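Here's the letter readout for the chains.
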Amino acid sequence: ALYLLARRAASQAKKVEAGGRRRQMKRLHELGRAVEDKGLLDAEHESLVTMLPLRLMLVEAEQPSYEALYPQMLEYAVAQFPHLFASIHLELPPSPLPASSSSPHAERAGPLQVDVRPARVRDVFADIERDPATAILTLDALTRVEEKDVDKYGGSLLFTLLPRLLSLKDRRAACLFAELWERLFKRHPAPVAAKTVHALLYKPGLAYPKGSVQEKGEWAQWGWGEAAVASGGGAEDLLALHDSLIRDVLGVLAVGEQAALDPSLLHVLLKTLSFYQAGSEGLLLAQVEVGKAGKQSTEEKALEEQLATLLLTQQSAVIQLLLELCLRTLPPSASLPPPPHAAQRRSVLCQYIHQMFIRNPLLVKLVHFQRYDTRLIPVLVEEVPSMHTCVPFLPELLSTADQPTRGFAILLAAEVARKYPLQQTEGIVNVALQRMREAVDSDATELLKMTLPILPVVAAAFPRSGLPRSVSVTEQAVELLASVRTIKSTAGPGLTGAEE
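Residues numbered from 1 in each chain as written. Predicted model: local features only at pLDDT ≥ 70, side-chain atom pairs only at ≥ 80, totals over all residues. Heavy atoms only, no water.

Asker: Hey, could you run me through the overall build of the protein chain in this one?
Answerer: Looking only at helices and strands, the protein chain features 25 helices and zero strands. Expressed as a percentage of its 500 residues, the buried residues of the protein chain come to 45%. Considering only intrachain contacts with a sequence separation of at least 6, the fraction spanning at least 24 residues in the protein chain is 74%. For the protein chain, the exposed surface amounts to about 25700 Å²; the carbon and sulfur share of it is 57%. (Helix = DSSP H or I, 4+ residues; strand = E, 2+ residues; numbered from the N terminus. Buried < 20%, exposed > 50% of the residue type's maximum accessible area, 1.4 Å probe, protein only. Contact = heavy atoms within 4.5 Å. Areas by Shrake-Rupley, 256 points an atom, 1.4 Å probe, with all protein chains shown as cover.)

In structure tokens form, the structure reads like this:
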């Protein structure tokens, strides 16, 4: 971007020196009125967007060091395109425009050209660990190729580049890869999904030296008939993998944790998972329809119930695995920083879980009766909008006899009430406090250690009662703490620590 703007500035300066000052002043006067002419404004803006690698600039802007923000580039842009900036930006001191090509950026002849021949692209991707900058520029160039030309880079993207991205720390390459993967997936969903899982599972491209002839053909045809690149057994292996994933979608999440360490690659993985979940559901529905043929109505109903049970079991297993991935985005302890890109990864996972909850509300109840790590309760309540659907079944969950499940329910009720302080949730909090009083009476120290920290949370959520003839949650919390103090001497050191 700095190079292009410097070249444009040099060209303007040469025109002024050559005697074209009158034309230049006229053009500047026209640019000053361009704000009122939307057509000219759009034309200037679109031409700039076309020239500059804005995708790379936007990704780089997310980096904490802001190393890609060059003041000189900003001054060039403001000086040459004043109508694209707010008036406050025009108060910057003027920057002298170069009068000749003495600038180091102006020594190159013409805009930067990237060689995107398929063979070279494959070699560049194979060398991405040693030269990531060239690979990123190549990916950026591929994002501008026509839709019909993307297919011929599919083999290099999936089998050569994707396995190497798992160990690459630079997010820019993964962002650009995800954009190209989306374009491939829209054109050929089933083959791209199967080849993506194959590449993540077996990492075949890592075994190929630079310039290998193994990828002959470049995947010019995207049906199932072409030889599977680096699969070792041809298209039959990919078809077998595809069929197995439709029957067992959990295989998609068996590709390893590395694929979930980058938000862009995680998005690709979840998009693939969604595709196979839809395929699995369609297969089960088709099998039920075949099984209904010639059956009585009672038998048809039994088949439908079996289908619903199978789908719920499969979907709850998927969510439990996603929750495990979500748990790994939390810091190991309060004194340690979170893992890289933790917030973005957690957001992608929670959005997918939310979509699954919305499609099948019964799944919310099943997952919470199965339970999960209590550290994830605040995360899900905050980042999964559909968690408010827990409210109807929380009284049932609080009534279970199992102590760990009851503790989980109390923590969940407190977080939901904090997020949604309504009369209904206040009634549920009252039930949760009653369960804690029962724990005090039965000397259930483990349950009390687990649940005592919720008292200030619910007291802040309900400082006064909104229910008729009801004691406020704050008063109940204080009374509960007083009851705990009376058994402090006999409860042992564990309860004393929890009380503190």
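Asker: Help me understand helix H16 (residues 362-370), please; the structure alone is not making it clear to me.
Answerer: Since there are 3.6 residues in each turn of an α-helix, residues three or four apart along the chain are aligned in direction. Of the positions making up H16, those classed as buried are Leu363, Val364, Val367 and His368. Buried residues of H16, seen end-on, are gathered within an arc of 125° and therefore sit on one face of the element. Buried positions along H16 lie against helix H14 (297-327), helix H15 (342-359), helix H18 (394-398) and helix H19 (403-419). (Arc of directions from axis to C-beta.)

Asker: So what exactly am I meant to see when it comes to the packing of aromatic side chains here?
Answerer: Aromatic rings in a pair are described by how distant their centres are and how their planes are angled relative to each other. All told, the structure shown has five aromatic pairs when counted by the stated rule. Relative to Phe275, the ring of Phe185 has its centre 5.9 Å away and its plane inclined at 85°; by these criteria the two rings are edge-to-face. One end of the pair, Phe185, is in helix H10 (residues 171-187); the other, Phe275, is in helix H13 (residues 263-292), and 90 residues separate them in sequence. With 5.1 Å between their ring centres and 90° between their planes, Tyr372 and Phe408 make a pair best called edge-to-face. Residue Tyr372 is located in the loop between H16 and helix H17 (377-383), and its partner Phe408 is located in helix H19; the two are separated by 36 residues in the primary sequence. Relative accessible area serves as the criterion here: at 10%, Tyr372 is assigned to the buried category. Given a relative accessible area of 1%, Phe408 falls into the buried group. Of the aromatic side chains, those joined through ring pairs into one cluster are Trp181, Phe185, Phe275 and Tyr276. (Phe/Tyr/Trp six-rings, centres within 6.5 Å; stacked < 30°, edge-to-face > 60°.)

Asker: Looking at this model, I keep getting lost on unusual backbone geometry. Mind explaining?
Answerer: Excluding glycine, residues mostly have negative phi values, and the peptide bonds linking residues are mostly trans. Unlike most non-glycine residues, Arg371 shows phi in positive territory, near 75°. With respect to the secondary-structure elements, Arg371 resides in the loop between H16 and H17. Residues other than glycine seldom take positive phi values, yet Asp443 does so here, at roughly 60°. Along the chain, Asp443 turns up in the loop between helix H20 (423-441) and helix H21 (445-451). You can call Asp443 partly exposed: its relative accessible area is 39%.

Asker: Which parts of the structure should I look at to understand the side chain of His368?
Answerer: Here His368 shows up in helix H16. Its relative accessible area of 0% is what places His368 among the buried residues. Within polar-contact distance, the side chain of His368 engages the backbone oxygen of Val364 at 2.7 Å. Each residue touching His368, except ones within four places of it in the same chain, is listed here: Met387, Cys390, Phe393, Leu397, Phe408 and Leu412. (Polar contact = N/O pair within 3.5 Å; in protein donor to acceptor, adjacent residues only side chain to side chain.)

Asker: Can you help me understand the nonpolar core in this one?
Answerer: The nonpolar side chains of a soluble globular protein tend to be buried with one another. If you look at the biggest cluster of nonpolar residues, it comprises 111 residues, and the most contacted ones within it are Phe177, Leu322, Tyr372 and Leu412. Contacts of Leu412, omitting those with residues within four sequence positions, involve His368, Tyr372, Ile377, Val381, Met387, Cys390, Leu394 and Leu397. (Core = buried A, V, L, I, M, F, W, Y, C linked by side-chain atoms within 4.5 Å.)

Asker: Is there a simple way to explain the pattern of salt bridges in this structure?
Answerer: A side chain with one charge may pair with a side chain of the opposite charge, provided their charged atoms come close. Scanning all chains against the criterion turns up 21 salt bridges. For Arg164, the salt bridge goes to Glu129, with nearest N and O atoms at 3.9 Å. You can see Arg164 sitting in helix H9 (residues 154-165) and its partner Glu129 sitting in the loop between helix H6 (118-126) and helix H7 (132-142), a full 35 residues away along the chain. (Salt bridge = Lys/Arg side-chain N within 4 Å of Asp/Glu carboxyl O.)

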